[in-house]
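# Structure at a glance
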Amino acid sequence: MRRDDDGLLQVGRPLPALDPTALPGAGRPDWKQADPAFIERALERALAREAGGWVVVDASERVGEAPRKMQLLGREWVVWRSPRGPVVAPNACPHMGAELHEGHVEDGCLVCPWHGLRLGPRGRAGWRPVPTWDDGVLVWARLREDERPTDRPILAPRPRASVAGVIRMEARCEPEDVVANRLDPWHGTHFHPHTFAALRLLDVDPDRLLLRVSYRVAGPLCVEVDCTFHAPTRRSIVMTIVDGDGAGSVVETHATPVGPGRTAIVEATVATSDRRGFALARRAAPLLRPFIERRARRLWVEDAAYAERRYALRTGEVAAGPAEDGAAERDGRRALT
Ligand code: FES
Ligand SMILES: [Fe+2]
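Here the residue numbers are simple positions, counted from 1 along each chain's written sequence. Lettering of chains starts at A and numbering of ligands starts at 1, both following the order in which they are written. In keeping with the predicted nature of the model, local features appear solely for residues at pLDDT of at least 70, side-chain atom pairs appear and are counted solely at 80 or more, and the whole-chain, interface and lining totals rest on all residues.

Take the overall build of the protein next. Helices and strands together make up the secondary structure of the protein, namely seven helices and 18 strands. The exposure scheme places C-beta atoms from the backbone and then counts, for each residue, the other C-beta atoms within 10 Å of its own, assigning buried at 20 or more, exposed at 12 or fewer, and partly exposed in between. Expressed as a percentage of the 337 residues in the protein, the buried residues total 34%. Considering only residue pairs separated by 6 or more positions, the protein has 60% of its internal contacts joining residues 24 or more positions apart. Helix and strand labels come from DSSP, where a helix needs a run of H or I of at least four residues and a strand needs a run of E of at least two; each type is numbered from the N terminus. This entry defines residue contacts through backbone-placed C-beta atoms, with two residues in contact when those atoms are within 7 Å.

Most of helix α3 (residues 175-182) sits out of view: eight of its eight residues are buried. Turning to α3, its buried residues are P175, E176, D177, V178, V179, A180, N181 and R182.

Looking now at the sheet that holds strand β8 (residues 109-111). Taking strand neighbours across the sheet as the criterion, the three strands line up as β7-β8-β9 in an open arrangement whose pairing is antiparallel. Looking at strand neighbours, the two that pair on one side only are β7 (104-106) and β9 (118-119), the edges of this open sheet. Pairs of strands are assigned from DSSP output, requiring at least two bridges between the strands. The pairing of β7 with β8 spans three bridges and is classified as antiparallel. By the bridge assignment for β8, V105 is matched with L110.

Relative to the assigned elements, K32 resides in helix α1 (residues 30-33). Judged by the 10 C-beta atoms lying within 10 Å of it, K32 is exposed. Note: C-alpha distance between K32 and W186 (154 residues apart in sequence) is 9.5 Å.

pLDDT: the predictor's confidence for each residue, scored from 0 to 100. With 93% of its residues at a pLDDT of 70 or more, the protein has an overall mean of 89. Contacts from residues 328-337, a stretch scored under 50 in pLDDT, to residues over four places away or in other chains number four contacts.

The next thing to look at is the sheet that holds strand β5 (residues 75-82). Pairing is antiparallel in the open sheet, where three strands are placed in the order β4-β5-β6. With one partner strand each, in any of the chains shown, β4 (68-72) and β6 (85-90) form the two edges of the open sheet. Pairs of neighbouring strands in the sheet enclose a mean axial angle of 35°, with direction left out of account. Strand direction decides the pairing type here: β5 and β6, joined by six bridges, are antiparallel. Bridge pairing links R81 to P86 in β6. Only the stretch in contact is used when a helix axis is fitted, and all axes are lines through C-alpha atoms; the angle between N-to-C directions ranges over 0 to 180 degrees.

So, on to the packing of helix α2 (residues 36-47) against α3. Interhelical geometry of α2 versus α3 gives an angle of 125° and a closest axis separation of 10 Å. By the angle between their directions, the pair α2 and α3 is classed as oblique. Handedness of the crossing formed by α2 with α3: right-handed. Along its contact with α2, which presents I39, L43, A46 and L47, the element α3 presents E176, V179 and A180. When its residues are assigned to classes, the contact of α2 with α3 shows six nonpolar, no polar and one charged. Throughout, the term roughly parallel applies to angles under 35 degrees, roughly antiparallel to angles over 145, roughly perpendicular to angles from 65 to 115, and oblique to all others. If you view the pair so one helix is near and one far, a crossing is left-handed when the near helix is turned anticlockwise from the far one by less than a right angle, and right-handed when it is turned clockwise. Note on residue categories: nonpolar means Ala, Val, Leu, Ile, Met, Phe, Trp, Tyr, Cys or Pro, charged means Asp, Glu, Lys or Arg, and polar means any other residue, Gly included.

Here the focus is the nonpolar core. In these notes, a nonpolar core means any group of buried Ala, Val, Leu, Ile, Met, Phe, Trp, Tyr and Cys residues linked to one another through C-beta atoms within 7 Å. Formed by 71 residues in total, the largest nonpolar core has its most connected members in V57, L138, W140, V179 and I265. Broken down by element, this core gets its largest block of residues, seven residues, from helix α6 (residues 285-314). Marked domain ranges trace back to an automatic or database domain assignment. Mapping this core onto the domain boundaries places at least three of its residues in each of domain 1 (6-12 + 27-47 + 155-314) and domain 2 (54-142). Residues in contact with V57, not counting those within four places in the same chain, are V63, M70, V79, V88, V139, W140 and A141.

Attention shifts here to the domain arrangement of the protein. By the assigned domains, the protein splits into domain 1 (6-12 + 27-47 + 155-314) and domain 2 (54-142). Contacts between the two partners involve 14 residues from domain 1 and, on the opposite side, eleven residues from domain 2. In terms of residue count, strand β17 (residues 250-259) provides more of the side of domain 1 that touches domain 2 than any other element does, five residues in total.

Here we take up the pairing of β4. Regular strands show a simple pattern: their side chains alternate between the two faces of the sheet. Here five bridges tie β4 to β5, and the two strands are oriented antiparallel to one another. Each bridged residue has a counterpart across the sheet, and for K69 the counterpart in β5 is V78. Between the antiparallel neighbours β4 and β5 lie two residues, among them L73 with a positive phi of about 50°.

With that settled, consider the pairing of strand β18 (residues 262-271). The buried fraction of β18 amounts to nine of the ten residues, a majority that puts the element mostly inside the structure. Note: strand β12 (residues 163-171) against β18, nine bridges, orientation antiparallel. Looking across to β18, one finds that E170 is bridged to A264. Bridge analysis of β17 against β18 gives nine bridges, and the strand direction is antiparallel. Each bridged residue has a counterpart across the sheet, and for G259 the counterpart in β18 is R262. Counting the residues that bridge the hairpin from β17 to β18 gives two residues, and of these G261 lies at a positive phi of roughly 65°.

Note on placement: P36 falls in helix α2. Taking the C-alpha atoms as reference, P36 lies 50 Å from H104; in sequence the two are 68 residues apart.

So, about α2. Here a helix's expected span is defined as the number of its residues, less one, multiplied by 1.5 Å. Between the first and last C-alpha of α2 there are 16 Å, a value that for twelve residues agrees with the 16 Å anticipated at 1.5 Å per step. Along α2, the residues that are buried comprise A42, L43 and A46. Down the axis of α2, the buried set is contained in an arc of 100°. They therefore lie on one face. For α2, the exposed residues lying more than 90 degrees away from the buried face are A37 and E44. Looking at the packing, one finds that the buried side of α2 touches α3 and β15 (221-233). Throughout, the arc means the angular range of directions from the helix axis out to the C-beta atoms.

So this is what it looks like as structure tokens:
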């Protein structure tokens with residue numbers, strides 16, 4: 001354990017010392033470093049990347065044999081796991097439109113609850129499942145017909161020996177608001193002081209941010225790591241630990257359009273470590289998973305609020321800036337002087 005220059009007790013593997021005067025933005029407060037034009041530029045580059053038509057549906061372990069209704073891209077789907085893998089198909093029966101998630105699965109076929117039509121994973125006229133992919137952590141569906149299709153989803157590398165946890169929550173925003181949130185690391189210590197004790201930008205490149213982050217473990221105890229943020233597709237942002245404890249671990253944030261102004265945030269934490277106890281931790285994965293997911297959810301409750309605020313401002317749902325003459329008085333608000 002050692003005390004660093006910020007007075008934090010660092011318990012992790014020591015990282016190379018930094019010269020604070022040589023860092024980008026040295027000595028400037030975070031609100032000056034968080035340049036909206038830079039974030040917008042980084043976002044534009046991310047949004048130009050291909051995604052192959054794939055969107056994340058949910059955690060692999062949450063796609064089970066029981067059919068379930070899901071809203072994705074403004075349409076209703078039935079999702080279940082057949083012996084051949086996950087199936088994502090329109091939720092309306094091709095006969096008379098019954099809700100198929102209310103049916104049951106028999107011999108790998110979905111049986112319609114109204115008149116018993118049997119629908120297999122290959123589909124039939126008027127009812128076709130879409131291509132799916134299960135990467136072991138997440139289930140994907142190739143739903144976007146307006147993108148150049150790829151055979152598989154575009155993924156950043158993940159560690160092989162790992163413990164994974166996945167959260168899914170919905171927010172009133174669009175995928176770009178989720179990506180924009182992740183391209184603003186400067187909010188970390190201010191907006192999430194319970195998790196981030198210190199955060200320094202080491203390299204500011206619109207395609208890849210490199211940061212040194214002190215995560216709070218408990219009270220004044222912190223673990224310091226170097227990590228990168230990059231967007232492998234227009235709907236994903238990946239944080240990769242590149243130095244320090246847990247190097248190789250990733251946190252993938254995926255934004256799936258649910259409907260107009262509604263987005264599902266699916267975040268997979270895939271943690272690894274070369275420490276001796278990690279093999280034991282992997283065996284205890286079912287116990288660790290809720291802990292990983294609780295931490296991720298706490299952060300995303302706040303980040304979803306950030307993304308929703310950005311969405312509300314850019315769509316004009318909330319007016320920002322000075323009121324027109326007299327509007328403040330008419331509304332009973334006090335003008336700022
Ligand atoms: S509505 Fe499904 S079989 Fe008739
Ligand atoms: Fe955040």
